[in-house]
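Chain by chain, the residues run as shown.
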Amino acid sequence: MADGSSETKSSNQMWGGRFASGPDAIMEEINASIGFDKKLYAQDIRGSIAHATMLAHQGIISAEDKDKIVHGLDTILSEIDSGAFEFSRRLEDIHMNIEARLAALIGPAAGRLHTARSRNDQVALDFRLWVKEELQKTEKALTGLIAAFLDRAEEHAETVMPGFTHLQTAQPVTFGHHCMAYVEMFGRDRARVRHAIEHMDESPIGAAALAGTGFPIDRHMTAKALGFREPTRNSIDTVSDRDFALEFLSIAAIAATHLSRLAEEIVIWSTPQFGFIRLSDAFSTGSSIMPQKKNPDAAELVRAKTGRVNGSLVALLTVMKGLPLAYSKDMQEDKEQVFDAAESLELAIAAMTGMIRDVTIRADRMKAAAGSGYSTATDLADWLVREAGLPFRDAHHVTGRVVALAEQKGCDLADLPLGELQAINSAITDKVYGVLTVEASVASRTSFGGTAPSEVRKQIAWWRARN
Ligand code: ARG
(Lines give C-alpha, C1' and ligand atoms only; values in the text may rest on other atoms or scores of the structure.)
Protein backbone atom coordinates (compact mmCIF):
# COMPACT_ATOMS: atom_id res chain seq x y z
CA MET A 1 0.00 0.00 0.00
CA ALA A 2 2.94 2.30 0.59
CA ASP A 3 3.94 2.39 -3.10
CA GLY A 4 0.45 3.53 -4.04
CA SER A 5 0.57 1.45 -7.21
CA SER A 6 -2.77 -0.36 -7.02
CA GLU A 7 -5.71 1.68 -5.88
CA THR A 8 -6.35 5.18 -4.71
CA LYS A 9 -7.01 5.62 -1.00
CA SER A 10 -10.75 6.01 -1.06
CA SER A 11 -11.65 3.71 -3.94
CA ASN A 12 -11.32 0.41 -2.11
CA GLN A 13 -14.76 -1.07 -1.55
CA MET A 14 -13.50 -3.65 0.93
CA TRP A 15 -12.07 -1.09 3.31
CA GLY A 16 -14.25 1.87 2.59
CA GLY A 17 -16.86 1.35 5.28
CA ARG A 18 -14.57 0.55 8.13
CA PHE A 19 -11.68 2.89 7.33
CA ALA A 20 -12.90 6.19 6.05
CA SER A 21 -9.43 7.34 5.04
CA GLY A 22 -8.23 4.19 3.29
CA PRO A 23 -5.10 2.05 3.62
CA ASP A 24 -3.01 4.59 5.51
CA ALA A 25 -5.48 4.39 8.36
CA ILE A 26 -5.25 0.61 8.45
CA MET A 27 -1.47 0.80 8.53
CA GLU A 28 -1.65 3.31 11.34
CA GLU A 29 -4.05 1.16 13.30
CA ILE A 30 -2.09 -2.08 12.99
CA ASN A 31 1.25 -0.37 13.51
CA ALA A 32 0.57 1.89 16.46
CA SER A 33 1.29 0.69 19.96
CA ILE A 34 0.73 3.96 21.80
CA GLY A 35 -2.68 2.74 23.00
CA PHE A 36 -0.93 0.33 25.34
CA ASP A 37 2.77 1.18 25.49
CA LYS A 38 2.07 4.59 27.01
CA LYS A 39 2.17 2.59 30.23
CA LEU A 40 5.95 2.63 29.77
CA TYR A 41 6.34 6.42 29.84
CA ALA A 42 8.13 6.66 33.17
CA GLN A 43 10.57 3.93 32.21
CA ASP A 44 11.13 5.52 28.81
CA ILE A 45 11.95 8.88 30.35
CA ARG A 46 14.20 7.39 32.99
CA GLY A 47 16.06 5.46 30.28
CA SER A 48 16.45 8.56 28.12
CA ILE A 49 17.80 10.62 31.01
CA ALA A 50 20.38 7.94 31.79
CA HIS A 51 21.31 7.68 28.11
CA ALA A 52 21.66 11.46 27.63
CA THR A 53 23.70 11.80 30.81
CA MET A 54 26.06 9.09 29.59
CA LEU A 55 26.34 10.67 26.13
CA ALA A 56 27.41 13.96 27.72
CA HIS A 57 29.80 12.25 30.11
CA GLN A 58 31.46 10.55 27.14
CA GLY A 59 31.67 13.82 25.23
CA ILE A 60 29.25 12.57 22.54
CA ILE A 61 26.82 15.43 23.16
CA SER A 62 27.45 18.74 24.91
CA ALA A 63 26.62 19.30 28.57
CA GLU A 64 24.37 22.13 27.48
CA ASP A 65 22.29 19.90 25.19
CA LYS A 66 22.16 17.25 27.87
CA ASP A 67 20.76 19.77 30.37
CA LYS A 68 18.10 20.87 27.90
CA ILE A 69 17.18 17.25 27.19
CA VAL A 70 16.95 16.30 30.86
CA HIS A 71 14.92 19.37 31.70
CA GLY A 72 12.58 18.74 28.78
CA LEU A 73 12.12 15.10 29.78
CA ASP A 74 11.30 16.14 33.34
CA THR A 75 8.67 18.51 31.99
CA ILE A 76 7.18 15.72 29.85
CA LEU A 77 7.08 13.40 32.85
CA SER A 78 5.00 15.85 34.82
CA GLU A 79 2.78 16.52 31.78
CA ILE A 80 2.01 12.81 31.46
CA ASP A 81 1.63 12.35 35.22
CA SER A 82 -0.91 15.15 35.37
CA GLY A 83 -2.85 13.96 32.33
CA ALA A 84 -2.02 17.05 30.31
CA PHE A 85 0.02 15.21 27.67
CA GLU A 86 -1.65 14.55 24.35
CA PHE A 87 -0.74 11.19 22.91
CA SER A 88 -0.84 10.84 19.16
CA ARG A 89 -1.41 7.60 17.29
CA ARG A 90 0.25 9.08 14.26
CA LEU A 91 3.48 9.06 16.27
CA GLU A 92 3.12 5.30 16.70
CA ASP A 93 4.55 4.56 20.08
CA ILE A 94 5.61 5.99 23.41
CA HIS A 95 9.19 6.54 22.26
CA MET A 96 8.25 8.76 19.33
CA ASN A 97 5.50 10.53 21.24
CA ILE A 98 7.99 11.59 23.87
CA GLU A 99 10.72 12.48 21.40
CA ALA A 100 8.35 14.61 19.32
CA ARG A 101 7.21 16.48 22.40
CA LEU A 102 10.82 16.97 23.44
CA ALA A 103 11.55 18.56 20.07
CA ALA A 104 8.58 20.88 20.51
CA LEU A 105 9.82 21.85 23.97
CA ILE A 106 13.58 22.26 23.45
CA GLY A 107 14.12 22.44 19.69
CA PRO A 108 17.07 20.89 17.80
CA ALA A 109 18.87 19.56 20.90
CA ALA A 110 16.12 16.95 21.11
CA GLY A 111 17.46 15.37 17.94
CA ARG A 112 20.71 14.46 19.72
CA LEU A 113 19.05 12.19 22.26
CA HIS A 114 18.69 9.31 19.82
CA THR A 115 22.46 9.22 19.12
CA ALA A 116 23.89 5.71 19.63
CA ARG A 117 20.59 4.05 20.32
CA SER A 118 17.58 2.69 18.46
CA ARG A 119 13.99 2.07 19.39
CA ASN A 120 14.97 -1.60 19.46
CA ASP A 121 17.21 -1.29 22.51
CA GLN A 122 15.02 1.49 23.88
CA VAL A 123 11.89 -0.67 23.98
CA ALA A 124 13.87 -3.63 25.33
CA LEU A 125 15.03 -1.35 28.15
CA ASP A 126 11.67 0.21 28.94
CA PHE A 127 9.86 -3.10 28.98
CA ARG A 128 12.54 -4.79 31.05
CA LEU A 129 12.42 -2.00 33.62
CA TRP A 130 8.63 -2.33 33.77
CA VAL A 131 8.69 -6.11 34.18
CA LYS A 132 11.39 -5.86 36.83
CA GLU A 133 9.29 -3.41 38.85
CA GLU A 134 6.24 -5.61 38.42
CA LEU A 135 8.19 -8.61 39.69
CA GLN A 136 9.23 -6.57 42.73
CA LYS A 137 5.56 -5.79 43.36
CA THR A 138 4.66 -9.45 42.93
CA GLU A 139 7.33 -10.41 45.44
CA LYS A 140 5.80 -8.05 47.98
CA ALA A 141 2.27 -9.23 47.30
CA LEU A 142 3.27 -12.87 47.73
CA THR A 143 4.98 -12.00 51.00
CA GLY A 144 1.68 -10.52 52.20
CA LEU A 145 -0.24 -13.62 51.18
CA ILE A 146 2.27 -15.88 52.90
CA ALA A 147 2.01 -13.74 56.06
CA ALA A 148 -1.78 -14.15 56.03
CA PHE A 149 -1.41 -17.92 55.80
CA LEU A 150 1.21 -18.01 58.57
CA ASP A 151 -1.15 -16.18 60.91
CA ARG A 152 -4.05 -18.53 60.15
CA ALA A 153 -1.76 -21.56 60.46
CA GLU A 154 -0.57 -20.42 63.86
CA GLU A 155 -4.11 -19.84 65.04
CA HIS A 156 -5.16 -23.30 63.79
CA ALA A 157 -2.08 -25.40 64.42
CA GLU A 158 -4.28 -27.82 66.38
CA THR A 159 -7.55 -27.57 64.45
CA VAL A 160 -8.29 -30.97 62.99
CA MET A 161 -9.75 -31.37 59.52
CA PRO A 162 -9.99 -34.21 57.03
CA GLY A 163 -7.03 -34.55 54.72
CA PHE A 164 -8.06 -35.64 51.25
CA THR A 165 -6.75 -37.65 48.38
CA HIS A 166 -9.04 -37.95 45.35
CA LEU A 167 -11.22 -35.54 47.37
CA GLN A 168 -12.09 -38.57 49.49
CA THR A 169 -11.36 -38.40 53.21
CA ALA A 170 -7.92 -39.91 53.65
CA GLN A 171 -6.36 -39.12 57.03
CA PRO A 172 -6.96 -36.41 59.60
CA VAL A 173 -4.64 -33.41 59.26
CA THR A 174 -4.49 -30.03 60.94
CA PHE A 175 -5.85 -26.94 59.25
CA GLY A 176 -2.56 -25.26 60.14
CA HIS A 177 -0.74 -27.91 58.15
CA HIS A 178 -3.06 -27.39 55.18
CA CYS A 179 -2.37 -23.64 55.33
CA MET A 180 1.34 -24.33 55.39
CA ALA A 181 1.02 -26.32 52.17
CA TYR A 182 -0.02 -23.06 50.51
CA VAL A 183 2.86 -21.25 52.19
CA GLU A 184 5.20 -23.72 50.47
CA MET A 185 3.51 -23.16 47.10
CA PHE A 186 3.54 -19.37 47.28
CA GLY A 187 7.03 -19.50 48.76
CA ARG A 188 8.20 -21.32 45.62
CA ASP A 189 6.45 -18.72 43.48
CA ARG A 190 8.29 -16.00 45.34
CA ALA A 191 11.61 -17.81 44.91
CA ARG A 192 10.91 -17.97 41.17
CA VAL A 193 10.18 -14.24 41.19
CA ARG A 194 13.46 -13.49 42.94
CA HIS A 195 15.36 -15.68 40.56
CA ALA A 196 13.77 -14.00 37.55
CA ILE A 197 14.71 -10.55 38.87
CA GLU A 198 18.30 -11.70 39.18
CA HIS A 199 18.19 -13.29 35.75
CA MET A 200 16.92 -10.22 33.94
CA ASP A 201 19.05 -7.71 35.83
CA GLU A 202 21.06 -6.69 32.75
CA SER A 203 20.72 -3.43 30.87
CA PRO A 204 19.84 -3.56 27.15
CA ILE A 205 20.48 0.10 26.34
CA GLY A 206 23.41 0.63 24.00
CA ALA A 207 22.81 -2.51 21.94
CA ALA A 208 21.37 0.01 19.44
CA ALA A 209 19.53 -1.45 16.45
CA LEU A 210 21.25 -4.84 16.79
CA ALA A 211 24.96 -4.43 16.12
CA GLY A 212 26.07 -2.02 18.83
CA THR A 213 27.45 1.39 17.90
CA GLY A 214 30.66 3.11 16.86
CA PHE A 215 30.14 5.94 19.34
CA PRO A 216 32.27 5.63 22.49
CA ILE A 217 29.33 4.92 24.80
CA ASP A 218 29.65 3.53 28.32
CA ARG A 219 27.06 0.82 28.80
CA HIS A 220 28.27 0.09 32.33
CA MET A 221 27.44 3.65 33.29
CA THR A 222 23.87 3.49 31.99
CA ALA A 223 23.40 0.03 33.52
CA LYS A 224 24.43 1.37 36.91
CA ALA A 225 22.32 4.52 36.61
CA LEU A 226 19.26 2.43 35.83
CA GLY A 227 19.79 0.01 38.71
CA PHE A 228 20.92 -2.97 36.66
CA ARG A 229 23.72 -5.25 37.79
CA GLU A 230 25.53 -5.04 34.44
CA PRO A 231 24.92 -4.52 30.71
CA THR A 232 23.81 -7.40 28.47
CA ARG A 233 26.68 -9.00 26.59
CA ASN A 234 25.38 -9.61 23.06
CA SER A 235 23.71 -6.82 21.14
CA ILE A 236 21.89 -9.15 18.73
CA ASP A 237 20.39 -11.19 21.56
CA THR A 238 19.60 -8.04 23.51
CA VAL A 239 17.16 -6.59 20.99
CA SER A 240 15.55 -9.93 20.14
CA ASP A 241 15.24 -11.33 23.66
CA ARG A 242 11.91 -11.40 25.44
CA ASP A 243 12.78 -14.18 27.88
CA PHE A 244 12.23 -11.79 30.77
CA ALA A 245 8.61 -11.34 29.66
CA LEU A 246 8.17 -15.06 29.12
CA GLU A 247 9.64 -15.78 32.53
CA PHE A 248 7.29 -13.30 34.10
CA LEU A 249 4.35 -14.96 32.37
CA SER A 250 5.50 -18.48 33.29
CA ILE A 251 5.84 -17.47 36.91
CA ALA A 252 2.48 -15.74 36.78
CA ALA A 253 0.88 -18.82 35.23
CA ILE A 254 2.22 -21.13 37.93
CA ALA A 255 1.20 -18.71 40.70
CA ALA A 256 -2.25 -18.28 39.15
CA THR A 257 -2.55 -22.05 39.01
CA HIS A 258 -1.78 -22.23 42.74
CA LEU A 259 -4.32 -19.49 43.39
CA SER A 260 -6.93 -21.39 41.39
CA ARG A 261 -6.45 -24.49 43.52
CA LEU A 262 -6.92 -22.43 46.66
CA ALA A 263 -9.93 -20.76 45.07
CA GLU A 264 -11.44 -24.14 44.29
CA GLU A 265 -10.97 -25.27 47.90
CA ILE A 266 -12.65 -22.11 49.13
CA VAL A 267 -15.57 -22.72 46.80
CA ILE A 268 -15.92 -26.32 48.04
CA TRP A 269 -15.37 -25.52 51.71
CA SER A 270 -17.93 -22.73 51.73
CA THR A 271 -20.77 -24.93 50.45
CA PRO A 272 -23.42 -25.81 53.06
CA GLN A 273 -22.50 -29.47 52.43
CA PHE A 274 -18.90 -28.98 53.58
CA GLY A 275 -19.41 -25.91 55.74
CA PHE A 276 -15.73 -25.75 56.73
CA ILE A 277 -15.55 -21.98 56.33
CA ARG A 278 -17.76 -18.94 56.29
CA LEU A 279 -16.71 -16.25 53.84
CA SER A 280 -16.84 -12.64 54.97
CA ASP A 281 -19.44 -10.41 53.38
CA ALA A 282 -16.58 -8.42 51.90
CA PHE A 283 -15.58 -11.28 49.61
CA SER A 284 -18.92 -12.81 48.72
CA THR A 285 -22.14 -11.74 47.08
CA GLY A 286 -25.79 -12.54 47.47
CA SER A 287 -28.12 -13.93 44.84
CA SER A 288 -30.66 -11.61 43.26
CA ILE A 289 -33.32 -14.33 43.42
CA MET A 290 -32.36 -16.79 46.18
CA PRO A 291 -32.19 -14.93 49.49
CA GLN A 292 -30.42 -17.73 51.35
CA LYS A 293 -27.36 -17.68 49.10
CA LYS A 294 -23.91 -16.36 49.74
CA ASN A 295 -21.74 -16.90 46.71
CA PRO A 296 -17.95 -17.13 46.70
CA ASP A 297 -17.64 -14.84 43.66
CA ALA A 298 -14.20 -13.52 44.50
CA ALA A 299 -12.81 -17.06 44.72
CA GLU A 300 -14.52 -18.02 41.48
CA LEU A 301 -13.05 -15.02 39.68
CA VAL A 302 -9.59 -15.81 41.02
CA ARG A 303 -10.06 -19.34 39.70
CA ALA A 304 -11.06 -17.94 36.31
CA LYS A 305 -8.23 -15.37 36.04
CA THR A 306 -5.89 -18.33 35.62
CA GLY A 307 -7.34 -18.75 32.15
CA ARG A 308 -6.31 -15.25 31.13
CA VAL A 309 -2.83 -15.58 32.57
CA ASN A 310 -2.20 -18.97 30.96
CA GLY A 311 -3.57 -17.57 27.71
CA SER A 312 -1.08 -14.70 27.84
CA LEU A 313 1.82 -17.09 28.33
CA VAL A 314 0.78 -19.21 25.36
CA ALA A 315 0.16 -16.09 23.26
CA LEU A 316 3.65 -14.68 23.80
CA LEU A 317 5.35 -18.04 23.39
CA THR A 318 3.56 -18.28 20.07
CA VAL A 319 4.56 -14.74 19.04
CA MET A 320 8.23 -15.51 19.74
CA LYS A 321 8.25 -18.96 18.20
CA GLY A 322 10.20 -19.08 14.96
CA LEU A 323 11.20 -15.39 14.92
CA PRO A 324 14.54 -14.92 13.16
CA LEU A 325 17.13 -12.81 14.97
CA ALA A 326 17.10 -9.97 15.77
CA TYR A 327 14.14 -7.58 16.22
CA SER A 328 10.88 -8.07 14.31
CA LYS A 329 7.74 -6.00 14.73
CA ASP A 330 5.96 -9.15 15.93
CA MET A 331 7.58 -8.41 19.26
CA GLN A 332 5.40 -5.36 19.75
CA GLU A 333 2.68 -7.87 20.64
CA ASP A 334 4.54 -8.71 23.86
CA LYS A 335 3.27 -5.90 26.04
CA GLU A 336 -0.48 -6.35 26.22
CA GLN A 337 -0.08 -9.97 27.29
CA VAL A 338 2.25 -9.03 30.11
CA PHE A 339 0.17 -6.03 31.20
CA ASP A 340 -3.03 -8.06 31.30
CA ALA A 341 -1.44 -10.97 33.15
CA ALA A 342 0.19 -8.62 35.65
CA GLU A 343 -3.09 -6.89 36.40
CA SER A 344 -4.91 -10.21 36.81
CA LEU A 345 -2.25 -11.66 39.06
CA GLU A 346 -2.02 -8.57 41.26
CA LEU A 347 -5.75 -8.54 41.73
CA ALA A 348 -5.98 -12.28 42.36
CA ILE A 349 -3.26 -12.20 45.03
CA ALA A 350 -4.85 -9.18 46.72
CA ALA A 351 -8.30 -10.81 46.75
CA MET A 352 -6.91 -14.06 48.13
CA THR A 353 -4.93 -12.30 50.84
CA GLY A 354 -8.12 -10.53 51.91
CA MET A 355 -10.15 -13.73 51.85
CA ILE A 356 -7.62 -15.70 53.88
CA ARG A 357 -7.40 -12.95 56.49
CA ASP A 358 -11.20 -12.59 56.73
CA VAL A 359 -12.51 -16.12 56.48
CA THR A 360 -14.17 -17.72 59.51
CA ILE A 361 -12.92 -21.22 60.22
CA ARG A 362 -15.64 -23.59 61.45
CA ALA A 363 -13.47 -25.87 63.55
CA ASP A 364 -16.43 -27.93 64.80
CA ARG A 365 -17.48 -28.81 61.25
CA MET A 366 -13.93 -29.62 60.25
CA LYS A 367 -13.48 -31.88 63.23
CA ALA A 368 -16.74 -33.73 62.65
CA ALA A 369 -15.78 -34.33 59.04
CA ALA A 370 -12.27 -35.39 60.05
CA GLY A 371 -13.66 -38.25 62.10
CA SER A 372 -15.94 -39.57 59.39
CA GLY A 373 -14.97 -41.95 56.63
CA TYR A 374 -12.80 -44.13 58.91
CA SER A 375 -10.02 -41.61 58.59
CA THR A 376 -8.01 -43.21 61.42
CA ALA A 377 -7.86 -46.64 59.77
CA THR A 378 -4.16 -46.12 58.96
CA ASP A 379 -3.55 -45.35 62.64
CA LEU A 380 -5.08 -48.71 63.53
CA ALA A 381 -2.86 -50.49 61.00
CA ASP A 382 0.21 -48.63 62.29
CA TRP A 383 -0.75 -49.59 65.88
CA LEU A 384 -0.94 -53.27 64.88
CA VAL A 385 2.56 -53.01 63.38
CA ARG A 386 4.00 -51.16 66.37
CA GLU A 387 2.25 -52.81 69.31
CA ALA A 388 1.36 -56.28 67.99
CA GLY A 389 4.37 -56.81 65.72
CA LEU A 390 2.34 -57.56 62.57
CA PRO A 391 3.91 -56.99 59.15
CA PHE A 392 2.29 -53.88 57.62
CA ARG A 393 0.58 -55.87 54.84
CA ASP A 394 -1.12 -58.13 57.41
CA ALA A 395 -2.04 -55.14 59.55
CA HIS A 396 -3.58 -53.54 56.45
CA HIS A 397 -5.70 -56.67 55.91
CA VAL A 398 -6.86 -56.83 59.55
CA THR A 399 -7.75 -53.15 59.46
CA GLY A 400 -9.74 -53.70 56.31
CA ARG A 401 -11.86 -56.26 58.13
CA VAL A 402 -12.33 -53.89 61.09
CA VAL A 403 -13.50 -51.14 58.72
CA ALA A 404 -15.91 -53.56 57.02
CA LEU A 405 -17.34 -54.46 60.43
CA ALA A 406 -17.80 -50.82 61.42
CA GLU A 407 -19.43 -50.14 58.07
CA GLN A 408 -21.80 -53.06 58.56
CA LYS A 409 -22.72 -51.85 62.06
CA GLY A 410 -22.96 -48.23 60.91
CA CYS A 411 -20.57 -46.95 63.61
CA ASP A 412 -17.11 -45.36 63.90
CA LEU A 413 -13.97 -47.41 64.52
CA ALA A 414 -13.74 -46.13 68.08
CA ASP A 415 -17.28 -47.37 68.82
CA LEU A 416 -16.52 -51.05 68.09
CA PRO A 417 -16.48 -53.20 71.27
CA LEU A 418 -13.09 -54.68 72.18
CA GLY A 419 -14.45 -58.24 71.97
CA GLU A 420 -15.45 -57.79 68.35
CA LEU A 421 -12.03 -56.32 67.51
CA GLN A 422 -10.31 -59.25 69.23
CA ALA A 423 -12.44 -61.68 67.26
CA ILE A 424 -10.75 -60.25 64.15
CA ASN A 425 -7.28 -60.24 65.68
CA SER A 426 -6.54 -61.47 69.17
CA ALA A 427 -3.49 -59.21 69.63
CA ILE A 428 -5.70 -56.11 69.87
CA THR A 429 -5.96 -54.60 73.38
CA ASP A 430 -7.95 -51.70 74.79
CA LYS A 431 -4.89 -49.48 74.26
CA VAL A 432 -5.91 -49.32 70.62
CA TYR A 433 -8.66 -46.81 71.45
CA GLY A 434 -5.91 -44.30 72.21
CA VAL A 435 -5.02 -44.04 68.52
CA LEU A 436 -8.48 -44.06 67.02
CA THR A 437 -9.38 -40.44 67.76
CA VAL A 438 -8.53 -37.75 65.25
CA GLU A 439 -6.55 -35.74 67.82
CA ALA A 440 -4.36 -38.74 68.63
CA SER A 441 -3.95 -39.42 64.96
CA VAL A 442 -2.62 -35.96 64.09
CA ALA A 443 -0.53 -35.71 67.27
CA SER A 444 1.25 -38.94 66.33
CA ARG A 445 2.40 -37.72 62.90
CA THR A 446 5.61 -36.10 64.08
CA SER A 447 7.79 -37.06 61.13
CA PHE A 448 9.65 -34.09 59.58
CA GLY A 449 7.05 -32.09 57.63
CA GLY A 450 4.19 -34.09 59.15
CA THR A 451 0.82 -32.84 60.34
CA ALA A 452 1.36 -32.99 64.13
CA PRO A 453 0.78 -29.57 65.74
CA SER A 454 4.35 -29.67 67.08
CA GLU A 455 5.70 -30.12 63.54
CA VAL A 456 3.41 -27.48 62.08
CA ARG A 457 4.69 -25.00 64.65
CA LYS A 458 8.24 -25.79 63.55
CA GLN A 459 7.28 -25.17 59.93
CA ILE A 460 5.68 -21.86 60.89
CA ALA A 461 8.80 -20.77 62.77
CA TRP A 462 10.99 -21.71 59.79
CA TRP A 463 8.90 -19.56 57.47
CA ARG A 464 8.52 -16.67 59.89
CA ALA A 465 12.30 -16.39 59.95
CA ARG A 466 12.23 -16.12 56.14
CA ASN A 467 9.20 -13.95 55.46
N1 ARG B 1 6.75 0.00 19.33
C2 ARG B 1 7.84 -0.90 19.07
C3 ARG B 1 7.72 -2.16 19.92
O4 ARG B 1 6.97 -2.15 20.83
C5 ARG B 1 9.11 -0.20 19.38
C6 ARG B 1 10.28 -0.71 18.59
C7 ARG B 1 10.16 -0.33 17.18
N8 ARG B 1 11.30 -0.74 16.47
C9 ARG B 1 11.29 -0.82 15.13
N10 ARG B 1 12.38 -1.23 14.57
N11 ARG B 1 10.24 -0.55 14.43
O12 ARG B 1 8.35 -3.14 19.67
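Rules of the game
- Residues numbered from 1 in each chain as written.
- Predicted model: local features only at pLDDT ≥ 70, side-chain atom pairs only at ≥ 80, totals over all residues.
- Heavy atoms only, no water.
- Helix = DSSP H or I, 4+ residues; strand = E, 2+ residues; numbered from the N terminus.
- Rg over C-alpha atoms; globule rule 2.2 N^0.38 Å.
- Buried < 20%, exposed > 50% of the residue type's maximum accessible area, 1.4 Å probe, protein only.
- Salt bridge = Lys/Arg side-chain N within 4 Å of Asp/Glu carboxyl O.
- Axes fitted to C-alpha atoms, helices over the stretch in contact; angles between N-to-C directions.
- Parallel < 35°, antiparallel > 145°, perpendicular 65-115°, else oblique.
- Left-handed = near helix turned anticlockwise from the far one by under 90°.
- Contact = heavy atoms within 4.5 Å.
- Near = heavy atom within 4 Å.
- Polar contact = N/O pair within 3.5 Å; in protein donor to acceptor, adjacent residues only side chain to side chain.
- Nonpolar A, V, L, I, M, F, W, Y, C, P; charged D, E, K, R; others polar.
- Phe/Tyr/Trp six-rings, centres within 6.5 Å; stacked < 30°, edge-to-face > 60°.
- Lys NZ or Arg CZ within 6 Å of the ring centre and 35° of its normal.

**Quick word on the overall build of the protein chain**
Each helix and strand counted, the protein chain has 19 helices and eight strands in total. For a compact globule of 467 residues, the expected C-alpha radius of gyration is about 23 Å, and the protein chain comes in at 31 Å, more than 25% above that figure. Principal axes of the C-alpha set define a box for the protein chain whose edges measure 100 × 55 × 40 Å. Of all 467 residues assigned to the protein chain, the portion counted as buried reaches 48%.

**So, the pattern of salt bridges**
Tallying each qualifying case throughout the model produces 33 salt bridges. When the shortest N-O distance is used, the salt bridge between glutamate 155 and arginine 152 registers 3.1 Å. Of the two residues, glutamate 155 and arginine 152 are both situated in helix H7 (residues 119–155); the distance of three residues between them amounts to about one turn of the helix. Residue arginine 152 is classed as buried on the basis of its relative accessible area of 9%. With a closest N to O distance of 3.6 Å, glutamate 387 and arginine 386 form a salt bridge. Accessibility expressed as a relative area gives 49% for glutamate 387, which makes it partly exposed. In the salt-bridge network here, residues are joined through shared partners; they are Glu92, Asp93, Arg119 and Lys329.

**Some points on the packing of helix H8 (residues 175–199) against helix H19 (residues 453–464)**
Where H8 meets H19, the axes come as close as 10 Å, and the angle between the chain directions of the two elements is 30°. Taken together, the axes of H8 and H19 lie roughly parallel to each other. Considering only the axes of H8 and H19, their crossing is left-handed. Contacts between H8 and H19 involve Gly176, His177, Met180, Val183, Glu184, Gly187 and Arg190 from the former and Val456, Gln459, Ile460 and Trp463 from the latter.

**A closer look at the site of the ligand**
Ser33, Asp37, Asp93, His95, Arg119, Asn120, Val123, Tyr327, Gln332 and Lys335 make up every residue found near the ligand. Here serine 33 contributes a side-chain N or O atom positioned 3.2 Å from a nitrogen atom of the ligand. Within the side chain of glutamine 332, one N or O atom sits 2.7 Å away from a nitrogen atom of the ligand. With three residues, H7 is the largest single contributor of residues to the shell around the ligand. When grouped by side-chain class, the residues that make up the shell around the ligand number two nonpolar, four polar and four charged.

**What to know about the side chain of histidine 178**
Mapping histidine 178 onto the fold places it in helix H8. Excluding residues that lie within four positions of it along the chain, histidine 178 makes contacts with Met161, Glu265 and Trp269.

**Here's the deal with the packing of H7 against H19**
When two helices pack together, their arrangement is given by the angle between the helix axes and by the axis-to-axis distance. Orientation of H7 relative to H19, taken along the N-to-C sense of each, is 155°, at an axis distance of 10 Å. Considering their axes alone, H7 and H19 lie roughly antiparallel with respect to each other. Where H7 crosses over H19, the handedness of that crossing is left-handed. Residues Leu150, Asp151, Ala153 and Glu154 of H7 form the contact with H19, whose own contacting residues are Ile460, Trp463 and Arg464. Class assignment for the residues of the contact of H7 with H19 results in four nonpolar, no polar and three charged.

**Some remarks on the packing of aromatic side chains**
A full pass over the atoms with the stated rule returns 12 aromatic pairs. Centre to centre, the rings of phenylalanine 175 and tryptophan 269 are 6.0 Å apart; their planes meet at 65°, and the pair counts as edge-to-face. With a gap of 94 residues between them, phenylalanine 175 in helix H8 and tryptophan 269 in helix H11 (residues 243–269) connect regions that are remote in the sequence. Tryptophan 269 shares its class with phenylalanine 175; the two are buried. With a centroid separation of 5.1 Å and an interplanar angle of 75°, the aromatic rings of tryptophan 462 and tryptophan 463 are classed as edge-to-face. Through successive ring pairs, a cluster of aromatic residues spans Phe164, Phe175, Trp269, Phe274 and Phe276. Lying across the ring of tryptophan 462, arginine 466 places its NZ or CZ 3.7 Å from the centre.

**Some words on the environment of proline 108**
Mapped onto the fold, proline 108 is located in the loop between helix H6 (94–106) and H7. A residue is classified by how much of its surface remains accessible, and proline 108, at 76% relative accessible area, is exposed. Here the alpha-carbon distance between proline 108 and aspartate 412, two residues 304 residues apart in the chain, equals 88 Å.

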